[in-house]
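# Descriptive analysis of the structure
Each chain, written out:
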Amino acid sequence: AREEVSLVAVNSMTGSRDCVVGVVLWIVVAGIVTPEAQSSTSDKQVMCAGAGVPGSPGRNGFPGRDGRDGSKGDIGSKGDKGERGVPGDKGISGAKGMAGIKGEHGGTGPVGPKGVSGKLGPRGFKGIAGTKGDKGETGARGGIGKTFDLNWKQCVWTHVDSKDSGVIQTCRFTKLVSNTALRVVYSGVQGVQSSGARCSRWYFVFNGRECTTPANIELIVHSYDTTEYRTRQMEGYCHNVSPGVVEVALKVGSCHRLNGNTYDAYTGWQNGSPSHIIITEVSPPQK
């Protein structure tokens, strides 16, 4: 809708009312201008009249458009330094960089200290036998070798021993070398009194045991309904005797196959007849 208002000006000097022509205020209600409202003011009659009663205040117009941006202001003064912020989370690792250019070869460094010796390695396989070498020349004749110094001992007694079983005499000997042998000899009077079949055995023991390498050393006297005394001798070699002090003993007992039979043995003779045990350490036997 369109409202048409004629303005009347009052001359303050004369008190007369002047009619202002051609000033028209167009008010558009609800933003709609009808075709009729678009017609020229020339079609309307302008009237001047006396002052009437003031009308009611009109409605507020719509807000105008925003003005143009103002000019840029001056730079303000620098503010105070703010507090340090909380550290952020660790970022994702970056991609691996490209390999650098190979540097020049460095000089030789000083010799380091000697390292600790390593453990002994496993035993290697047996190698292939080599070809047989040529026969060597005959060597020069050797000089006269040194003879082996005998290590020996003799034990002697003169009493008569009527023991039928047990130790007759002990002779202590010190053996020096491990691979040598001991040669033992007994010499003296032995006898067996008998009434029927009698058999006695004299033998050597080394530290309480009979020799086994190569065999035991013994003497057998067998008698049947007779008494016989005579000087006899037995001897032998014993190997594998450890070096050091060795107790070499002469013993008497029953014969192996007649064990349990009665026997009556005598070792030695009256009137001071001597009995002997001779012990000698000798070199190893031939292979």
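As a reminder, the structure under discussion sits directly above these lines.
The present account deals with the structure reproduced in this document. (Residues numbered from 1 in each chain as written. Predicted model: local features only at pLDDT ≥ 70, side-chain atom pairs only at ≥ 80, totals over all residues. Heavy atoms only, no water.)

### Overview of the state of the cysteines
The tally for this structure, following the rule as stated, stands at three disulfides. Each sulfur in the disulfide pair Cys155 and Cys171 lies 1.9 Å from the other. Note on the Cys155 and Cys171 pair: the S-S dihedral is about 65 degrees, so by sign convention the disulfide is right-handed. Taken together, the residues span a long stretch of sequence, with Cys155 in strand 3 (residues 151–157) and Cys171 in strand 4 (residues 166–175) at a distance of 16 residues. Its relative accessible area of 14% is what places Cys155 among the buried residues. For Cys171, a relative accessible area of 0% gives the class buried. (Disulfide = S-S within 2.5 Å. Helix = DSSP H or I, 4+ residues; strand = E, 2+ residues; numbered from the N terminus. Buried < 20%, exposed > 50% of the residue type's maximum accessible area, 1.4 Å probe, protein only.)

### Remarks on the pattern of salt bridges
According to the stated counting rule, one finds five salt bridges in the structure shown. For Glu247, the salt bridge is made with Arg172, and the minimal N-O distance between the two is 2.6 Å. Taken together, the positions of Glu247 in strand 10 (residues 244–254) and Arg172 in strand 4 put the pair 75 residues apart, joining distant regions of the chain. On the basis of relative accessibility, which here comes to 24%, the residue Glu247 falls in the partly exposed class. (Salt bridge = Lys/Arg side-chain N within 4 Å of Asp/Glu carboxyl O.)

### Side note on the environment of His159
Of note, His159 is situated in the loop between strand 3 and strand 4. A relative accessible area of 39% places His159 in the partly exposed class. Between the C-alpha atoms of His159 and Thr267, which are 108 residues apart in sequence, the distance is 8.6 Å. Non-local contacts of His159, meaning those with residues more than four positions away in its chain, are made with Gln169, Thr267 and Gly268. (Contact = heavy atoms within 4.5 Å.)

### Side note on the pairing of strand 6 (residues 197–206)
Burial of strand 6 is extensive: nine of the ten residues sit out of reach of the surface. Here strand 6 runs beside strand 8 (residues 218–224); their pairing, made up of seven bridges, is antiparallel. Paired with Arg198 across the bridge in strand 8 is Ser223. Strand direction decides the pairing type here: strand 6 and strand 10, joined by seven bridges, are antiparallel. Bridge pairing in strand 10 places Phe204 opposite Leu250. Inspection of the sheet shows strand 6 paired to strand 7 (residues 209–210) by two bridges, in the antiparallel sense. Residue pairing for strand 7: Val205 is matched across the bridge by Glu210. (Pairing = 2+ DSSP bridges.)

### Focus on the packing of aromatic side chains
For the structure on display, the rule yields three aromatic pairs. Ring geometry for Tyr229 versus Trp269: centroids 5.3 Å apart, planes at 50 degrees, classification tilted. Of this pair, Tyr229 sits in strand 9 (residues 227–238) while Trp269 sits in the loop between strand 11 (265–267) and strand 12 (275–282); the two residues are 40 residues apart in sequence, bridging distant segments of the chain. Taken together, the ring pairs connect Tyr229, Tyr266 and Trp269 into an aromatic cluster. Sitting above the plane of the Tyr203 ring, Arg201 keeps its charged end 3.9 Å from the centroid. (Phe/Tyr/Trp six-rings, centres within 6.5 Å; stacked < 30°, edge-to-face > 60°. Lys NZ or Arg CZ within 6 Å of the ring centre and 35° of its normal.)

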